[in-house]
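Chain by chain, the residues:
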Amino acid sequence: MADSELAVSVLDFVGIPYGGTATEAIDGSVELARTVERLGYRRIWFSEHHNSPTLACTAPELLIARVGAATSTLRVGAGGIMLPNHAPLKVAETFRTLEAMFPGRVDLGLGRAPGTDGLTALALRGSEQKVMGNEFPQLTGELLAFLTDTFPDDHPFRSVQATPAVPGMPELWILGSSDYGARFAAVNGLAASFAHQINPELAGPVLRAYRRDFRPSEFLDAPRSSVSTIAFASEDAAEVAEFEAYWTLNMAKLRSGRLGPISPEELKEFAASSGYPAAREQMAGRLNAGSPEVVATRLRALVEDTEADELIVATPTPSYAQRTRSYELLAAELGVRGPASE
C-alpha cells in the first residue's frame, strides 16, 4: 500500500509522567490532538484503563468531548469502550450526545476486556458472573439496536429510545488483541482494529483472516481494518534508548502488579541492571523505536503484513516534547499531509 493511500492515526493512553498531574496529562493530550490534526493524522483515540495511577484515561468519553471541542477536522473516539463495564443504553446515549456535539467526527471502538485487573473489574461490573462470563455479543447487539433504533417488536426494550436522536451515528470498530474481536467483526460486518502492541505475532494472521472472512452488513459494505502499535522516532539515539528502557520497565511493572510512575532514578537503575538486555529483547517485537527512517520502514512492513487500511500509532513517552516531535517526524517520513499541504 502506497503511503499516499495509508491513513495514520493516534492512540493516546494519557500517561501521567513522574511528578506530573492528571490535569497536566490531559492538557498535554489536548495540545497533542491539535498538533496531529495540523499534521494530517486522521483520528485520535483514547483508551479505557482503570486502577492505573499513571494513566488519566478512565473516562474516554470525557476526553473525546474535551478534544473534540479543541479541534475541528480530526476524528475523535474511544479506542475503546470496554463494553462489559457499561450498560449499552448508557453507551448509546453518551455517544449519540458526542455525535450531536461533533457530527461526523466520532468513533466508537468496542472491546470486551476489562481494561484493568480482576478485582477492579469486579468493582466495575458488580458480580463475579459478569466478570467471568462472555456477555460481549449480547451487549453489542443491544448497543447496535439502541444506536439504530431497531429492536424487534417483541423485545422488552422496544419502547426505550437512546436519546438524543441524531441523524448519524458514530463510526463503529471492534477492538481486539486475539482472534476473537476480528472474527466477531468479520461475521457481523464491522470494522476491526488489532492491538499489535499486545500480541504482535497474531496481528498479521488475524487481520488477514478478517479481510478474507468479512461479510457485508448494513454498517459496512467492505472490510475495514486498522492496526495499532507502539512507535517512537527520534534523531537522537540516546532518546531512543531511553524510550526503549522506559516502556520495557513500564510493561515489567504492569505484569508484576507494581503500579506507580517511573522515577528517573528507577529508570536509570533498570537500564543499567543485568536483567535489562533480556527484558529489552523480549519487548523488541512489541515496539518500534529508532530513527525516523527505521521506524517508518517497520511501520510500512507492519501495514503490509496485516493488510490494514489504517495505522494507529501510540507513543507513550513521558516527555511531551519528544512525543510531539516523534509524530512530526513520522508524519514527514510516512507522507502524512496536513491541511497546509492540500
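Notes on the structure in this doc start here. Keep in mind it's a predicted model, so treat the numbers as computed, not measured. (Residues numbered from 1 in each chain as written. Predicted model: local features only at pLDDT ≥ 70, side-chain atom pairs only at ≥ 80, totals over all residues. Heavy atoms only, no water.)

Observations regarding the overall build of the chain
Helices and strands together make up the secondary structure of the chain, namely 13 helices and nine strands. By the compact-globule yardstick of 20 Å for 342 residues, the chain fits well, its C-alpha radius of gyration being 20 Å. The buried share of the chain, reckoned over its 342 residues, is 51%. In the chain, the share of contacts with a sequence separation of at least 24, taken over all contacts with a separation of at least 6, comes to 74%. Total accessible area on the chain is roughly 15,400 Å²; 53% of this is exposed by carbon and sulfur atoms. Across the chain, the centroid of the 30 positively charged side chains sits 1 Å from that of the 43 negatively charged ones. (Helix = DSSP H or I, 4+ residues; strand = E, 2+ residues; numbered from the N terminus. Rg over C-alpha atoms; globule rule 2.2 N^0.38 Å. Buried < 20%, exposed > 50% of the residue type's maximum accessible area, 1.4 Å probe, protein only. Contact = heavy atoms within 4.5 Å. Areas by Shrake-Rupley, 256 points an atom, 1.4 Å probe, with all protein chains shown as cover. Lys, Arg positive; Asp, Glu negative; His and termini not counted. Charge placed at Lys NZ, Arg CZ, Asp CG, Glu CD.)

Points about the pattern of salt bridges
Overall, the coordinates contain 21 salt bridges when judged by the stated rule. Across the salt bridge formed by Asp-12 and Arg-323, the nearest N and O atoms sit 3.5 Å from each other. Of this pair, Asp-12 sits in strand β1 (residues 7-12) while Arg-323 is found in helix α13 (residues 320-334), placing the two residues 311 residues apart along the sequence. For the pair formed by Asp-12 and Arg-323, the shared burial category is buried. Here Glu-171 and Arg-43 are joined by a salt bridge, their closest N and O atoms 2.9 Å apart. Separated by 128 residues along the polypeptide, Glu-171 in strand β5 (residues 171-176) and Arg-43 in strand β2 (residues 43-46) bring together distant segments of the chain. As far as the burial class goes, Glu-171 and Arg-43 line up, both buried. (Salt bridge = Lys/Arg side-chain N within 4 Å of Asp/Glu carboxyl O.)

Looking at helix α9 (residues 237-256)
Since one α-helical turn is 3.6 residues long, residues separated by three or four positions face the same way. In this model α9 runs 29 Å from its N-terminal to its C-terminal C-alpha over 20 residues, within 8% of the 28 Å that 1.5 Å per residue would give. Restricting attention to buried positions, one finds in α9 the residues Val-240, Phe-243, Glu-244, Ala-245, Tyr-246, Trp-247, Thr-248, Leu-249, Asn-250, Met-251 and Lys-253. Of the surrounding secondary structure, the elements contacted by the buried residues of α9 are β7 (225-233), α10 (264-271), α11 (276-283) and β8 (287-290). N-capping of α9 is provided by Asp-236, with a side-chain oxygen placed 2.8 Å from the backbone N of Ala-238. At the C-terminal side of α9, Gly-257 shows a positive phi close to 75°. (Expected span 1.5 Å × (residues − 1). Polar contact = N/O pair within 3.5 Å; in protein donor to acceptor, adjacent residues only side chain to side chain.)

Re the packing of aromatic side chains
Scanning the model with the defined rule gives twelve aromatic pairs in all. A centroid spacing of 6.0 Å and a plane angle of 25° characterise the contact between Phe-146 and Phe-157, whose relative ring orientation is stacked. A residue pair is termed long-range when its members are at least 10 positions apart, and Phe-146 in helix α6 (residues 136-148) and Phe-157 in the loop between α6 and β5 qualify at eleven residues. By relative accessible area, which is 4% here, Phe-146 ends up buried. Grouped by ring-pair contacts, the aromatic residues Phe-136, Tyr-180 and Phe-184 constitute a single cluster. When the ring centre of Tyr-180 is taken as origin, the NZ or CZ atom of Arg-112, which lies over that ring, is 3.8 Å away. (Phe/Tyr/Trp six-rings, centres within 6.5 Å; stacked < 30°, edge-to-face > 60°. Lys NZ or Arg CZ within 6 Å of the ring centre and 35° of its normal.)

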